[in-house]
Structures are given as C-alpha cells and as structure tokens.
Amino acid sequence: MAKRVVTREALALEDRLVWLNRTSKVVKGGRRFGFAALVVVGDRQGIVGFGLGKAAEANIAIAKGVEAAKKNLYRIPLRRTTIPHTISVKYEATRLLLRPAAPGTGLIAGGAVRAILEVLGVQDVLAKVIGSSNPHNVVRATFKALLQLEDAASIAQRRGISLQKVFYGTYELTSSSTDNSGAQ
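Please read all numbers here as calculations on a predicted model, not as lab measurements. (Residues numbered from 1 in each chain as written. Predicted model: local features only at pLDDT ≥ 70, side-chain atom pairs only at ≥ 80, totals over all residues. Heavy atoms only, no water.)

I would appreciate a short explanation of the overall build of the protein chain in the present structure.
Secondary structure summary: the protein chain contains 6 helices and 9 strands in total. For the protein chain, with 184 residues in total, the buried portion stands at 35%. The long-range fraction of contacts in the protein chain, counting pairs at least 24 apart against all pairs at least 6 apart in sequence, stands at 58%. Here the protein chain has roughly 11,200 Å² of accessible surface; of this, 50% comes from carbon and sulfur atoms. (Helix = DSSP H or I, 4+ residues; strand = E, 2+ residues; numbered from the N terminus. Buried < 20%, exposed > 50% of the residue type's maximum accessible area, 1.4 Å probe, protein only. Contact = heavy atoms within 4.5 Å. Areas by Shrake-Rupley, 256 points an atom, 1.4 Å probe, with all protein chains shown as cover.)

Help me out: how do you make sense of the pairing of strand S2 (residues 14-27) in this one?
For a regular strand, the rule is simple: side chains alternate between the two faces of the sheet. Pairing between S2 and strand S3 (residues 30-42): 13 bridges, direction antiparallel. Residue pairing in the sheet places arginine 22 in a bridge with phenylalanine 35 of S3. (Pairing = 2+ DSSP bridges.)

Looking at this structure, how should I read the pairing of strand S7 (residues 94-100)?
Note: strand S6 (residues 87-91) against S7, 5 bridges, orientation antiparallel. Looking at S7, one finds that lysine 90 is bridged to arginine 95. The antiparallel pairing of S6 with S7 creates a hairpin that spans 2 residues between the two strands, and glutamate 92 there sits at a positive phi of about 55°. Of the strand pairs in this sheet, S7 and strand S9 (residues 125-131) are connected by 7 bridges, and their pairing is antiparallel. What sits directly across from proline 100, in S9, is valine 125.

I tried to follow helix H1 (residues 58-70) on my own but got confused; where do I start?
An α-helix turns once every 3.6 residues. As a result, residues three or four positions apart point the same way. The terminal C-alpha atoms of H1, which comprises 13 residues, lie 19 Å apart, in line with the 18 Å expected from a rise of 1.5 Å per residue. For H1, the set of buried residues is Ala61, Gly65, Val66 and Ala69. Summarising the axial view, the buried residues of H1 lie within an arc of 140°, below the 170-degree limit, and thus occupy one face. (Expected span 1.5 Å × (residues − 1). Arc of directions from axis to C-beta.)

What should I look at first to understand unusual backbone geometry in this one?
What you tend to see is this: most non-glycine residues have negative phi, and most peptide bonds are trans. For arginine 80, which is not glycine, the phi dihedral falls at a positive 55°. Among the structural elements, arginine 80 can be located in the loop between strand S5 (73-75) and S6. Here arginine 80 falls in the exposed class, since its relative accessible area comes to 71%.

For this particular structure, what's the right way to read the sheet that holds strand S1 (residues 3-4)?
The strands making up a sheet associate through hydrogen bonds between their backbones, and the pairing can be parallel or antiparallel. With respect to topology, 5 strands assemble into an open sheet ordered S1-S5-S4-S3-S2, the strand pairing being antiparallel. Of all strands in the sheet, those with a lone pairing partner are S1 and S2, marking the two edges. One ladder, built from 8 bridges, connects S3 with strand S4 (residues 47-55); its direction is antiparallel. From the neighbouring strand, phenylalanine 35 faces S4, where its bridge partner is alanine 55. Lying over the sheet, H1 contacts S2, S3, S4 and S5, oriented at roughly 145° with respect to S4. On top of the sheet, helix H2 (residues 111-120) reaches S2, S3 and S4; it is set at about 140° to S2, its chief contact. (Axes fitted to C-alpha atoms, helices over the stretch in contact; angles between N-to-C directions.)

For this particular structure, what's the right way to read the side chain of threonine 94?
With respect to the secondary-structure elements, threonine 94 resides in strand S7. At 2.8 Å, the side chain of threonine 94 forms a polar contact with the backbone oxygen of serine 132. The residues contacting threonine 94, other than those within four sequence positions of it, are Val89, Val129, Ile130, Ser132, Asn137, Val138 and Ala141. (Polar contact = N/O pair within 3.5 Å; in protein donor to acceptor, adjacent residues only side chain to side chain.)

Help me understand a nonpolar patch on the surface, please; the structure alone is not making it clear to me.
Side chains of Leu163, Phe167 and Tyr168 sit close together on the surface and give an oily, nonpolar patch of about 350 Å² of accessible area. Within the fold, phenylalanine 167 resides in helix H5 (residues 163-168). (Patch = residues over 30% accessible without salt bridge, like charges linked within 9 Å, V, L, I, M, F, W, Y side chains within 5 Å. Salt bridge = Lys/Arg side-chain N within 4 Å of Asp/Glu carboxyl O.)

Can you help me understand the nonpolar core in this one?
Taken as a class, soluble globular proteins show a tendency for nonpolar side chains to be buried jointly. If you look at the biggest cluster of nonpolar residues, it comprises 30 residues, and the most contacted ones within it are Ile76, Leu98, Leu117 and Leu146. Sorting the residues of this core by element identifies S3, S4, S6, S7, H2 and helix H3 (135-147) as the ones contributing at least two each. Sort the elements by how many residues they give to this core and H2 lands first, with 7 residues. Apart from residues no more than four positions distant in its own chain, leucine 146 is found in contact with Ala2, Ile76, Leu98, Ile116, Leu117 and Leu120. (Core = buried A, V, L, I, M, F, W, Y, C linked by side-chain atoms within 4.5 Å.)

Written out as structure tokens, the structure reads:
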C-alpha cells in the first residue's frame with residue numbers, strides 16, 4: 001500500500017500543470033476573472049501528490065496548487081520502471097485501467113494520467129480512461145489506483161508467508177512435478 005510522506009523538505013519535487021480553468025463573474029463594472037489550477041508534483045522516484053489552487057491570477061493559482069500538492073504527497077511502490085500489477089478503478093463516472101508494460105514500451109497514457117505517471121517516475125505502463133475524461137475525476141481515479149498498488153514484499157508480510165509462495169503459491173517445484181514419466 002502507498003504511504004503518506006510526512007517530511008518533504010529534502011525532496012527535489014518537479015511540478016506539472018494538469019489543468020487550468022478560467023471562470024468569469026459578471027459584475028456591474030464588467031467581468032471578473034478567476035482561475036483554478038490542478039497541479040501534480042513528484043520526485044520521479046516514487047513520490048507523487050496533487051493539489052488544487054484558486055486565485056484571481058493564473059500564476060498565483062498555480063503556486064497555490066503546488067503548495068497544496070506538496071502537503072498531499074504519497075510514496076507509491078514501483079517495480080523497476082513500471083507498476084507492480086494491473087489495476088482497474090472507478091471514481092465517479094471515470095473508469096481507469098493501468099497495466100504494467102515491458103521495459104522499452106514507453107508511457108502509453110494521455111492527459112492527466114500521463115502527467116501523474118511522469119512525475120511519479122513510471123516509464124513503461126499502459127493506461128486507458130473510460131467514461132468521463134474530466135481532469136478532476138481522472139486525477140482522483142489515478143490516485144485511487146496508485147494508492148491501491150502493493151508490492152510483493154508487503155503482500156508476503158501481510159499474509160505471513162514467504163516471498164516465494166506469493167509468486168508460486170502452494171505449488172512446489174519438485175522433481176516429480178517436472179518429470180514427464182506419466183506423459184505419453
């Protein structure tokens with residue numbers, strides 16, 4: 001499972017703007033514009049977070065989003081350059097599928113999912129968003145999926161079994177099971 005990161009002073013975080021929305025309010029003197037910025041930050045080594053900032057100016061909204069994201073960091077278990085296993089989640093009207101890929105495949109994802117996985121440090125993954133492509137829902141669905149990822153060591157520890165049994169189950173490789181003496 002992903003763990004929340006408490007100390008963030010020593011981290012060199014990279015931020016990425018996922019979405020910037022301009023809103024307007026009609027007042028007596030004309031229109032008042034406001035901005036909402038959805039931002040993700042990460043260190044490209046398994047730590048990632050997201051935040052939303054709102055302000056009257058775009059650059060202030062982005063700065064507020066970055067600060068909010070730095071307060072909301074998680075450590076995600078990775079397996080080399082990909083994720084440990086396939087995961088599918090649903091958040092509101094958005095369905096998201098993340099699948100690990102072989103080294104060299106690349107990051108097959110678009111929009112918000114791509115931005116999150118890039119700052120996370122994932123290089124090889126297949127992603128598909130089904131349903132609503134609203135950036136807020138896609139970001140939350142991606143984080144829901146990432147927070148449910150588990151590495152094999154934590155599964156073995158939770159179950160109280162060896163790491164070997166996690167991969168091979170109760171089936172044990174013996175000479176009799178690999179022997180083809182019963183085959184015709």
